Amino acid sequence: MKIFFLFTFSTFLLSAFEQATASAHYDKILTHSRIRARDQGPNVCALQQVMGTKKKYFSTCRNWYQGAICGKKATVLYECCPGYMKMDGTRGCPAVAPIDHVYGTLGIVGATSTQQYSDISKLREEIEGRGSFTFFAPSNEAWEQLNSEIHRNLVDNVNIELYNALHHHMVNKRMLTKDLKNGMTLVSMYNDQKLLINHYPNGVVTVNCARIIHGNQIATNGVVHVIDRVLTAVGNTIQDFIEVEDDLSSLRAAAITSDVLDILGRPGHYTLFAPTNEAFERLPRGVLERIMGDKVASEALVKFHILNTLQCSEAITGGAVYETLEGNTVEVGCDGESLTVNGVKMVKRKDIVTSNGVIHLIDEVLIPDSAKQVIELGGAQQTTFTDLVAQLGLASSLRPEGQYTLLAPLNGAFSDDTLRMDQRLLKTILQNHIIKVKVGLNELYNGQELETIGGKLLRVFVYRTAVCIENSCMVRGSKEGRNGFIHIFRQIINPAEKTLHEMLRNDKRFSVFLSLVKAADLDDVLSRPGEWTLFVPTNDAFKGLTDDDKDILIRDKNALRNILLYHLTQGVFIGSGFEPGVTNILKTIQGGKLYLKTVNDTLLVNELKSRESDLMATNGVIHVIDKLLYPADLPVGNDQLLTILKKLIKYIQIKFVRDSTFKEIPLTFYKINIIESNVQPIIRKEDPSITQLTKLIEGEPEFKIVREGETITKVIHGGPEIKYTRITAGGSDNEEKLKKLLEEEVTKVTKFIEGDGHLLEDEEIKRLLQGEAPVRRVQPTRRTQGGAARRRTRLAYS
């Protein structure tokens, strides 16, 4: 009857406990193990055992499907789930394990060494009696692995030392794994010593970093959890340990200098990867001295070794990323029995448990990016760039107290021809990859200009999935260092030197296209400041075009402009800035649409391959094609023109609609400012009348129509300022007044912005700046009705 009662009671407890533990990580993993082993019979759990060791785990899905733990192959074992046992002649584990007091349960779970020590230390009577206990019982292997001297001292003094040690493994209440919350602190039955509990998402539960390898074995007076090591007393903080450990004197000095040591004395759940003195000695002396002499850098260095979570080694069964107190992350993993940090085996001693965390001693110093100089941020894929910067003497110009941004091309961007260049030219190229200021990725915006240490201005282009500077686009991997950022680029950056028009004029491949541009009066569009993308057909695109054909094209200016302006779009679009594999639609100045996409790093325009892309100009970019582009939906109404176009365009069917005409495309898209001013001849004998006209250059161009009779005295656009004064009547003191006005108001021009040299082509301005007498004559361009006033029209480009 008694046996039946115990059997029924234990079954009730187990079912109640299983329902209550549905939300605990350990119990979830255990449930998955039961599911994996369901073909083996009832109450069987599947475990993984690391080959060559006795370590067994109820595995996560990740470890299970990888068939490995800590990078080591794991075999599958099938065992009875905790609380169940086999019966002869039946499959699986259909029987509930017998329930006994804690002392008897130690034998049931195989912790016979702990059971024996409980007997000889006189603890047996206590754990057989009345009460509710939790016993974290070391396995037999745990006692064997204990330091031999400590083990001997315990056994030699069973009544005090061993008894106290066993009490240190006990809590005076029943605590199942579901009750063991992450970060919890329990009070042991020895001297109120603390037991630090961690319950990890992978199902691992630790007590002072000892892993529970067999949990929830119910006893009549408590519960037994088998653990994989013998617990030792925990009293000191991490700070206390650092202050007394001789092998951490260098870390101690860095922690004191950076005011971080006090943090490690506060309550918390920290993990410290503590570099030994030997690790610090391996650092280059200059690097160590620089970091230790910079409080910000030293603080970043020390905090980069500290996690704000407690990570015991036994809880790490695969790689995971953790945030440090410094703000960046480290990857903590394992390789067999060894812990790894950022993929490197460097842990010499693990799981030094303190009252506020755990310490792992490492033999390398981890240097965060924030403590590095910007030139030190280059990775394995940027070594060519960083080596050249050092070899050509540019590294020394990157002062520790300065602020810089390195635009580092990948190693593959440097061709053999580039590396064989004259060193002076190569140095100039590299200077154009170093920005004078510190600019992060999230500070870059479209249209931004960045000045290099070589004096060049580089333009920034921001697209949906890419950020580009001039012809080159970024790849992932931007980093921030102590004195700057480094951004990684696909190609060497080539700053623009010439306008679109100058580039066409200097390349014989484009002579036919350029002649048509000139005939369509579009030269100025490609010469003046702006932001354009131009798809330029080579002369090969015009094979078969006779002089007569060309004359016919030129005579129909509307048709010619429609064709040419279908090759031009507003904005600068870099080929590698397009999202790969998808179609990007651009509206042309002609009004039609271009369909672009990149496939295998090749730009396709209306499915035609660009033979050369990303030729940068000061006012845009050129993509070279070998076919003339034509909008497929634009009909031709002229037989002669249709014949000519069919000669040149064979990749689409051109529509013919008799007598249809091409729309007129005025140059308003070019945004030319037309300034008209009424000038009345004035002949008077009194003091001269003075009119000031201020002209501002630069800024966004704008087309301005001025109504008849209006007088414009100022064009509103930002930029450098030139002031000149017109004298409308003569007098003996004109020269003195002019000189005075020039001294007060004429801005001395010391530098011309490219494209604005035409300002001094105004003969009147020249005379005024040279101190000559003004000319009162006005050149008429149009006579207005109803008055003798003449109207002078001047085109001003902004």
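Up top you'll find the structure we're talking about.
Residues numbered from 1 in each chain as written. Predicted model: local features only at pLDDT ≥ 70, side-chain atom pairs only at ≥ 80, totals over all residues. Heavy atoms only, no water.

Asker: Account for the overall build of the chain, with residues named and values stated.
Answerer: The helix and strand tally for the chain stands at 25 helices and 41 strands. Here the chain holds 798 residues, and 49% of them are scored as buried. For the chain, contacts bridging at least 24 residues in sequence account for 64% of all contacts bridging at least 6. (Helix = DSSP H or I, 4+ residues; strand = E, 2+ residues; numbered from the N terminus. Buried < 20%, exposed > 50% of the residue type's maximum accessible area, 1.4 Å probe, protein only. Contact = heavy atoms within 4.5 Å.)

Asker: So what's going on with helix 5 (residues 112–120)? Which residues, and what values?
Answerer: By the burial criterion, the buried members of helix 5 are Ser113, Thr114, Gln115, Tyr117 and Ser118. On its buried face, helix 5 is in contact with helix 4 (102–108), helix 6 (124–128), strand 7 (133–138), helix 7 (140–145), helix 8 (148–156) and helix 9 (158–167). Following helix 5 by one or two positions, Lys122 has its phi on the positive side, about 70°.

Asker: Which residues make up the state of the cysteines, and what values go with them?
Answerer: Across all of its chains, the model carries 5 disulfides by this definition. Bridging Cys45 to Cys81, the disulfide has an S-S length of 1.9 Å. Given an S-S torsion of about 105°, the disulfide between Cys45 and Cys81 has right-handed geometry. One end of the pair, Cys45, is in strand 1 (residues 44–50); the other, Cys81, is in the loop between strand 4 (72–80) and strand 5 (84–85), and 36 residues separate them in sequence. A residue is classified by how much of its surface remains accessible, and Cys81, at 2% relative accessible area, is buried. (Disulfide = S-S within 2.5 Å.)

Asker: Quick one: what's the story with the sheet that holds strand 27 (residues 472–481), residue by residue and with numbers?
Answerer: Whether parallel or antiparallel, the strands of a sheet pair through hydrogen bonds between backbone atoms. Reading across the sheet, the 7 strands line up as 23-22-28-27-26-25-24 and stay open at both edges, with mixed pairing between neighbours. A strand with exactly one partner marks an edge of an open sheet, and here the two such strands are strand 23 (434–435) and strand 24 (449–451). Bridging between strand 24 and strand 25 (residues 457–462) involves 3 bridges; their strand directions are antiparallel. Its bridge partner lying in strand 25, Glu451 is registered against Leu457. (Pairing = 2+ DSSP bridges.)

Asker: Describe the packing of helix 21 (residues 547–555) against helix 23 (residues 639–648), with residues and values.
Answerer: Where helix 21 contacts helix 23, the axes come no closer than 10 Å and their chain directions differ by 120°. It follows from the interaxial angle that helix 21 and helix 23 lie oblique. As helix 21 runs across helix 23, the sense of the crossing is left-handed. Counted together, Asp549, Ile552 and Leu553 of helix 21 and Gln640, Leu641, Ile644 and Lys647 of helix 23 form the full contact between these two elements. (Axes fitted to C-alpha atoms, helices over the stretch in contact; angles between N-to-C directions. Parallel < 35°, antiparallel > 145°, perpendicular 65-115°, else oblique. Left-handed = near helix turned anticlockwise from the far one by under 90°.)

Asker: Tell me about the packing of aromatic side chains, and please be specific about residues and values.
Answerer: For the structure shown, the criterion picks out 4 aromatic pairs. An angle of 15° between the planes, with centres 6.2 Å apart, marks the rings of Phe573 and Phe578 as stacked. Taken together, the aromatic side chains of Tyr463, Phe573 and Phe578 make up a single cluster linked through ring pairs. Of note, Arg211 hangs over the ring of Tyr57, and the distance from its end group to the ring centre comes to 4.0 Å. (Phe/Tyr/Trp six-rings, centres within 6.5 Å; stacked < 30°, edge-to-face > 60°. Lys NZ or Arg CZ within 6 Å of the ring centre and 35° of its normal.)

Asker: Explain helix 21 to me, and be specific about the residues and the numbers.
Answerer: Asp549, Ile552 and Leu553 are the residues of helix 21 that are buried. Down the axis of helix 21, the sector holding all buried residues measures 100°, keeping them to one side. Those residues of helix 21 that are exposed and aimed more than 90 degrees away from the buried face are Asp547, Asp548 and Arg555. Buried residues along helix 21 sit against helix 22 (557–565) and helix 23. (Arc of directions from axis to C-beta.)

Asker: Describe the environment of Gln640, with residues and values.
Answerer: By the secondary structure assignment, Gln640 is in helix 23. Between the C-alpha atoms of Gln640 and Leu553, which are 87 residues apart in sequence, the distance is 9.4 Å.

Asker: Residue-level account of unusual backbone geometry, with values.
Answerer: Phi at Asn191 takes a positive value of approximately 55°, unusual for a residue other than glycine. With respect to the helices, strands and loops of the structure, Asn191 is situated in the loop between strand 9 (185–187) and strand 10 (194–199). Unusually for a residue other than glycine, Asp614 sits at a positive phi of about 60°. Mapped onto the elements, Asp614 comes out in strand 34 (residues 608–617).

Asker: Can you break down the pairing of strand 27 residue by residue, with the values?
Answerer: Consecutive side chains of a regular strand alternate in pointing toward one face of the sheet and then the other. When strand 26 (residues 467–469) meets strand 27, the two strands line up antiparallel, connected through 2 bridges. Following the sheet pairing, Ile469 is matched in strand 27 by Ser472. The loop that links strand 26 with its antiparallel partner strand 27 comprises 2 residues; one of these, Glu470, has a positive phi angle of about 55°. Pairing between strand 27 and strand 28 (residues 484–489): 5 bridges, direction antiparallel. In the sheet register, Gly481 faces strand 28, and the bridge partner there is Gly484.

Any functional reading would require information that these geometric values do not contain.
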